[in-house]
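# Structural overview
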Amino acid sequence: MYRFVLRRLLSGVLLLFVITTVAYLLLYAGGGDIARRIVGPTASEAQVALKAHELGLDRPLVLQYWSWLTHAVTGDLGRSWFNGQLVSTGVSTRMSVTISLVLGATIISAVVSVVIAVWAAVRRGWVDRVVQFVGVLGFAIPGFLIALGLVSLFALNLKWFKATGYIPITTSFAGWASTVTLPIIALSIGAIAAVVQQVRGSLIDALRQDYVRTLRARGLSFNRVVYKHVLRNAGGPALAVLAVQFIGLLGGAVIVEQIFALPGLGQITVAATGQGDIPVVMGVVVATAALVVTVNLIIDLAQGWLNPKVRLS
Amino acid sequence: MIDTPTALPTPAAKVPLFRRLLAHPTGAASLLVLFLVALASVLAPLLASHDPNTADLQSVLAKAGSEHLLGADSAGRDVFSRLLFAGQFSLAGALVALAVAVLLGVTGGLVAGYYGGWFDSVSSWLTGLLMALPGMVVLLAARAVLGPSMWLSMMIFGILLSPAFFRLVYASVTAVHNELYVDAARVSGLSDVRIIGRHILTVVRAPVIIQSAMVLGIAIAIQAGLEFLGLGDMNIPTWGSMLNEGFINLYKSPTLVLWPALVIGAVCVALTLLANAMRDELERSRGPAKRRKRASSAAADEAEATAKRGDAAVIHPEETTGSAGGILLEVIGLGVGYDQADGSTSHVVNHVNLRVRRGEVHGLVGESGSGKTQTAFSILRLLPQGGRVTGGSIIFDDEDLAQLSEKEMTKVRGKRIAYIPQEPMSNLDAAFTIGSQLMEPMRVCLGISKAEARERALALLAKVGIPNPERTFNAYPHEISGGMAQRVLIAGAVSCQPDLLIADEPTTALDVTVQAEVLNLLRELQDELQMGVILVTHNFGVVADLCDSVTVMQTGRVVETGPVRAIFNNAGHPYTRQLLDAILEDTAPRGALKNSPLNTGTPNTLSGVTL
């Protein structure tokens, strides 16, 4: 078991390293004349050269990368080119908003999907057909259209929730809930649709397994067999889909944060992208990659817990 | 980032897919929507009433009317005309992404799957890398460096989407690669290019088309998302930039956001529904799946007809002596049927009578498809989905099991009627240890503590002849042998000391040497616990070894029943005699013996010649 965890951890770190390296080289090599963009078109050549030197942009790319990397491992991701703020502070303060959105959506999708999928797989018939059809719609409609629909219906017309703004959970739980409910719902619908499809399929497969009959023949009720045994066996593929969905949710959060004006990673990314603030963009890439690697690691460990055979291979 | 269904090769459809889609309700509707949107975009210069980019201060945020069909936006541009022209750019952008994704994914998948080697490892690793980052974040990062070009963004997105095709093609190619006909093509000297073109592309074509529809939908959505954020090229009209413009003016003119949202939604839904419709159609053409059931139901119907004609079963009188006690189980006129899709019921068991006394081992004999397992499952009330008891009663200890509620039946199972399955490995849950699978039902049925259940489970494992109970207790099913697994299942079945044990071919899946040991174990346990046993088998050798009485079944009905001695000495039904003859051959009489000219009389002639 320790070797399993260690191996997954190492491959996670390697993935993080490769992603950030490739991202750094692409971002910094393709940037064009950054110093000129920062100091403005009216500045003299000398001013541009001075700025480039100040930012270390006049060094060879490999050296720039090495100095970035050695700082990054200590948690120092440099400063924004435009407002001089520390990238690490900017990213980490906004990360909590995005994490609360994405984790909330992941947990809600997991729970709701399991309930719906069990319902569809056990009942079959018309329940199953309705679930399948609604699932296709939920999967097909882009999440930000759903978010737009929710904003205009619940926030603008019915005024049940605030349309925009964010209240930290540490300030007020109720306030936090009222600001994140709609965004989380908007994010969850597509994920639920995808996870339900997968869980339903693997549940139907698992329900056909011989051990289901044998366990029931030993006096366990159908529900007990479904919730304890069948669900656990169907859990592996479901977790794999959930991991894929989590990555999609991170992307979706960028747009949803914009619609609901939430001060998350998405907002800082959009702003930095518009300006061409490469250190901040790089910081966001690092944070996102780290988040994805961490979640994948957790999912891998959960897979190992669910399925004893995974631990061996 | 996106979901990749690993569709395996589907045989090419005989009727062209396109024509069959027109007959598929959602498929046809989706095609119509997509066709109309594409047509309107292509014909935009003819249909549009205004130039899409001309600002007109007179009609800023104009309401819908005769001048502006769907109103005008905050710069006074005509919404309807912009919608039409935006279709050109949005669709073209999505097509660029699709083209890049197909080109990279399909070639990569073909080369990696067909040749393997270092290219395989590198590209598989790269796809994993591409799928590990959210597409939106990558696109934003690219935008920061490359500027707001939609075409560049869509090319990059195409690269990000290529794993969807890579994994699909890779899986199909590796599956086909070692097929005999591909080997044959290689041996006959066809070049790799010809083989890939002729044999492999035909296999992956259909799944790639389906995936394309999905990918196109995703590309349209992400492109709209990017422009909605205000990061697109503001000089060209797209649905996404119209959405952005509408969202900014959401309070002033809510309908501005509605039109592009409707179009994007309709196109995305149509593409997904189209992909699903194509998958439906391809799966439908994948050949016959239910032929076997049909055949057996036809045989059962025929059997029912003969039963009605009065071709009654041979019934031997019960022996009055012997240790057998009172009646434990009496099955009277049992019928089992499966509901068919067309509303009819196919009958697999008809008018079966069966009597088991306390402490008696009753053999239920017949070939595959004779209905013996279905009879056993209906006593447990655990018929597979779609199956149900269509008639008769199952009297167990003065209670009709056929009438019990599911809740009452749960109390009977395990504690009073237990079951030993045929295939040991698939009947253990691979996710739990042997010990927990033994303890859980005991705790539920007997209401005992965890410690007591553990003690009992270890004792049971020792009793069924497992050499190191402690180790097996902690093992997972994949860590023990088939023979051991069957002993575990037997231990589980007797763990609550049932009155009736149903063993469904308990030795068929085991090695010959283990078979005898397991039968001995069953006999010992039966002696000790004095259970009634229904032993489902096709093997008269096992019957002779263990049973007190026998019921022979053929095509869903009972043909002969009586004490084991009477059956062996004086079999009345020709089918019983055939089964008995088969033991002389020492082969399992599986398959249709009944009307096969090869089988009738062969054992006798054979032994006549050799002996």
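Residues numbered from 1 in each chain as written. Chains lettered and ligands numbered in written order. Predicted model: local features only at pLDDT ≥ 70, side-chain atom pairs only at ≥ 80, totals over all residues. Heavy atoms only, no water.

Okay, the overall build of chain B next. On a plain count of helices and strands, chain B comes out with 23 helices and eleven strands. Here chain B, with 611 residues, has 52% of them falling under the buried criterion. Contacts spanning at least 24 positions in sequence make up 70% of the contacts within chain B whose residues lie at least 6 apart. (Helix = DSSP H or I, 4+ residues; strand = E, 2+ residues; numbered from the N terminus. Buried < 20%, exposed > 50% of the residue type's maximum accessible area, 1.4 Å probe, protein only. Contact = heavy atoms within 4.5 Å.)

Facing 63 residues of chain A, the contacting portion of chain B comprises 67 residues. Together chain A and chain B conceal approximately 5,800 Å² of surface at their shared face, both sides included; 73% is due to carbon and sulfur atoms. Our count for the contact surface shared by chain A and chain B stands at three salt bridges. Across the pair A:Arg216 and B:Glu406 runs a salt bridge, and its minimum N-O distance is 2.8 Å. At 13 residues, helix α10 (residues 222-260) of chain A tops the list of elements feeding residues into the side of chain A that touches chain B. Split by residue class, the side of chain A that touches chain B holds 38 nonpolar, 14 polar and eleven charged. (Buried area = accessible area lost by both parts, 1.4 Å probe. Salt bridge = Lys/Arg side-chain N within 4 Å of Asp/Glu carboxyl O. Nonpolar A, V, L, I, M, F, W, Y, C, P; charged D, E, K, R; others polar.)

A few words on the packing of helix α4 (residues 79-115) of chain B against helix α10 (residues 239-248) of chain B. Residues and elements named next belong to chain B. Their axes nearest at 8 Å, the elements α4 and α10 cross at an angle of 135°. Here α4 is positioned oblique relative to α10, judged by the angle of their axes. Contact with α4, carried on its side by Val79, Arg82, Leu83, Ala86, Gly87, Ser90 and Leu91, involves Trp239, Ser241 and Met242 of α10 and no other residues of that element. Here the residues of the contact of α4 with α10 sort into six nonpolar, three polar and one charged. (Axes fitted to C-alpha atoms, helices over the stretch in contact; angles between N-to-C directions. Parallel < 35°, antiparallel > 145°, perpendicular 65-115°, else oblique.)

All names here are of chain B. Structurally, Thr127 can be placed in helix α5 (residues 117-131). A polar contact is formed between the side chain of Thr127 and the backbone oxygen of Ser124, at a distance of 2.6 Å. Apart from residues no more than four positions distant in its own chain, Thr127 is found in contact with Pro163 and Phe166. (Polar contact = N/O pair within 3.5 Å; in protein donor to acceptor, adjacent residues only side chain to side chain.)

Residues and elements named next belong to chain B. In this model, chain B carries a mean pLDDT of 81, and residues with pLDDT of at least 70 account for 86%. For residues 1-13, every residue scores under 50 in pLDDT, and the model assigns this stretch 40 contacts once sequence neighbours within four places are set aside. Low pLDDT, under 50, characterises residues 287-296; the stretch is placed with four contacts to residues that sit more than four places away or in other chains. For this predicted complex, the interface score ipTM comes out at 0.83, alongside a pTM of 0.77. (pLDDT = per-residue confidence, 0-100.)

This part is about the sheet that holds strand β7 (residues 417-420) of chain B. Picture the strands of a sheet paired through backbone hydrogen bonds; they go either parallel or antiparallel. All names here are of chain B. The strand order β1-β11-β10-β4-β9-β8-β7 describes an open sheet built from seven strands, whose pairing is mixed. The sheet terminates laterally at β1 (314-315) and β7, the two strands that pair on one side only. Note that β7 and strand β8 (residues 500-504) share four bridges and pair parallel. The partner of Ile417 across the bridge, within β8, is Leu500. (Pairing = 2+ DSSP bridges.)

This part takes up the packing of aromatic side chains. Each aromatic ring pair is summarised here by two numbers: the centre-to-centre distance and the angle between the ring planes. In the structure shown here, the tally under the stated rule is 13 aromatic pairs over all chains. An aromatic cluster is defined as three or more aromatic residues linked by ring pairs; in this entry it consists of A:Tyr24, A:Tyr28, A:Tyr65, A:Trp68 and A:Trp81. We note A:Arg232 situated over the ring of A:Trp305; from NZ or CZ to the ring centre the distance is 4.4 Å. Above the face of the B:Phe473 ring, B:Arg454 is positioned so that its terminal group lies 4.9 Å from the ring centre. (Phe/Tyr/Trp six-rings, centres within 6.5 Å; stacked < 30°, edge-to-face > 60°. Lys NZ or Arg CZ within 6 Å of the ring centre and 35° of its normal.)

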